[in-house]
Amino acid sequence: MNSPMYTFVTRDDNSTVYAEVSKILQATGQWKRLKRDNPRFNLMLGERNRLPFGRLGHEPGLVQLVNYYRGADKLCRKASLVKLIKTSPELSDSSNWFPESYIIYPTNLNTPVAPATNGISHLKNNPKTDEREVFLASYHSKKESGEGTVWIAKSSAGAKGAGILISHDANQLLEYIDNQGQVHVIQKYLEKPLLLEPGHRKFDIRSWVLVDHQYNIYLYREGVLRTSSEPYNSSDLQDMTSHLTNHCIQKEHSQNYGRYEEGNEMFFDEFRLYLLNTHNVTLETTILPQIKQIIKSCLTCIEPTISTKHLSYQSFQLFGFDFMVDESFKVWLIEINGAPACAQKLYPELCQGIVDVAISSVFTLNSGGDSSSASSSPYSSSPSSTFTTNSCSSPKLRAPLHVGPFTRL
């Protein structure tokens, strides 16, 4: 067997995705895993919130790659995403695909409150802005015009359905946030979602997106619907199993968990048939084009601030984009996860795809063990020359349209 050509460290013991990636790398015989604190690595599979970005790229003679982009939290924290979408000219069409949203800070934090009439200007010019006055103005306006009065409060850093309240009452929502003691987002609730039959049930869609070191954006071909086990009931906002599709809520609180789909998951092949047979529409022409456009808009918007093409180290990252579809087949972005888990049956293919797209494009694997041989990928080069000063200043290299299960957007 060839001796290892490259080295990597793993610093996140909780990531099931990167545990699988680690196994795939070691199985090639050309990657050696080092102790987690060894600085002489080519690849770091790190923990998202504890990455030593300032120390990367300073090891003489070593190309270094890390599995997260510094600054990607602009997309992955709910309040930051709301601010980005509201203040970015490139996302001026977001009202078509992102529910109306407001950032709310608890009153005990004494955060400056934006005036109801000039909220966006205040948001642009202040690092922290409480938008409760802007929210209340919109709430009362919508209530008077009959546009719907249901809103949802979500903790900015919350996950797994924690820190959520759905209500018709604006004051109840604000009081809830004040009692929680942390920043939340209040968002217009999608009152008329597309529902699955049988069961009259809500669902959301998880799409996995991989951004490589050259900031090429790839969409994983498979997606999964996370489904509710209970009928959607717009008159009962307290029943979380009716309104939230998070696995942990469904599994813990619904007696019907797994009744309609194993593990409350429906994959794209089944969803394609469902759309065609039930609604006479196709996934490829109605829903996927919207998903692709939203993904590209969001990631392109932050590229200038997070790209590592001009740095001494390089990044890649896997994102999980979560969407809902309304009864008019309009796709809405709900949130973006910066360290997404994956449906169990997809791990082998998704993780092999991560290796092929994001890692082997930088560190070429070859059967002969000769590290000087040319890469089989049309957009990679040997590690010794990948990140020279000249290559960093060159334009983005044209990546292949398809790599394994990924398609470049």
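Rules of the game
- Residues numbered from 1 in each chain as written.
- Predicted model: local features only at pLDDT ≥ 70, side-chain atom pairs only at ≥ 80, totals over all residues.
- Heavy atoms only, no water.
- Helix = DSSP H or I, 4+ residues; strand = E, 2+ residues; numbered from the N terminus.
- Polar contact = N/O pair within 3.5 Å; in protein donor to acceptor, adjacent residues only side chain to side chain.
- Axes fitted to C-alpha atoms, helices over the stretch in contact; angles between N-to-C directions.
- Parallel < 35°, antiparallel > 145°, perpendicular 65-115°, else oblique.
- Left-handed = near helix turned anticlockwise from the far one by under 90°.
- Contact = heavy atoms within 4.5 Å.
- Nonpolar A, V, L, I, M, F, W, Y, C, P; charged D, E, K, R; others polar.
- Buried < 20%, exposed > 50% of the residue type's maximum accessible area, 1.4 Å probe, protein only.
- Pairing = 2+ DSSP bridges.
- Core = buried A, V, L, I, M, F, W, Y, C linked by side-chain atoms within 4.5 Å.

Take Glu191: it is sitting in the loop between strand E8 (184–188) and strand E9 (203–211). A sequence separation of 43 residues divides Glu191 from Ser234, and the C-alpha atoms of the two residues are 7.1 Å apart. Only 2.7 Å separates the side chain of Glu191 from the side chain of Lys188, close enough to count as a polar contact.

One can describe the packing of helix H5 (residues 132–145) onto helix H6 (residues 170–180) by two numbers: an axis separation of 11 Å at closest approach and a directional angle of 160°. Looking at the two axes, H5 sits roughly antiparallel to H6. Judged by the twist between their axes, the crossing of H5 over H6 is right-handed. Across from Arg132, Phe135, Leu136 and Tyr139 in H5, the residues of H6 making contact are Ala170, Leu173, Leu174 and Asp178. Classifying every residue of the contact of H5 with H6 gives 6 nonpolar, no polar and 2 charged.

Our focus in this paragraph is the pairing of strand E7 (residues 164–167). Each regular strand displays side chains that alternate between the two surfaces of the sheet. Of the two faces of E7, the one holding Ile164 and Ile166 and the one holding Leu165 and Ser167 are both buried throughout. Inspection of the sheet shows strand E6 (residues 151–155) paired to E7 by 4 bridges, in the antiparallel sense. Note on E7: the bridge partner recorded for Lys154 is Ile164.

Once that is clear, we can look at the nonpolar core. One finds Ile205, Phe271, Ile295, Leu299, Phe321 and Leu333 to be the most contacted residues of the largest nonpolar core, which totals 53 residues. Within the residue set of this core, elements represented by two or more residues are helix H2 (73–76), helix H3 (78–87), E9, strand E10 (217–227), helix H9 (268–279), helix H11 (288–306), strand E13 (317–325) and strand E14 (331–337). Here this core takes 9 residues from H11, the largest share from any one element. Those residues in contact with Phe321, other than ones at most four positions away along the chain, are Ile205, Arg206, Ser207, Val209, Ile295, Cys298, Leu299, Leu333, Glu335 and Ile336. With 47 residues, the next largest nonpolar core counts Leu45, Leu65, Phe316 and Tyr347 among its residues.

Distances and angles like these do not, on their own, reveal function.
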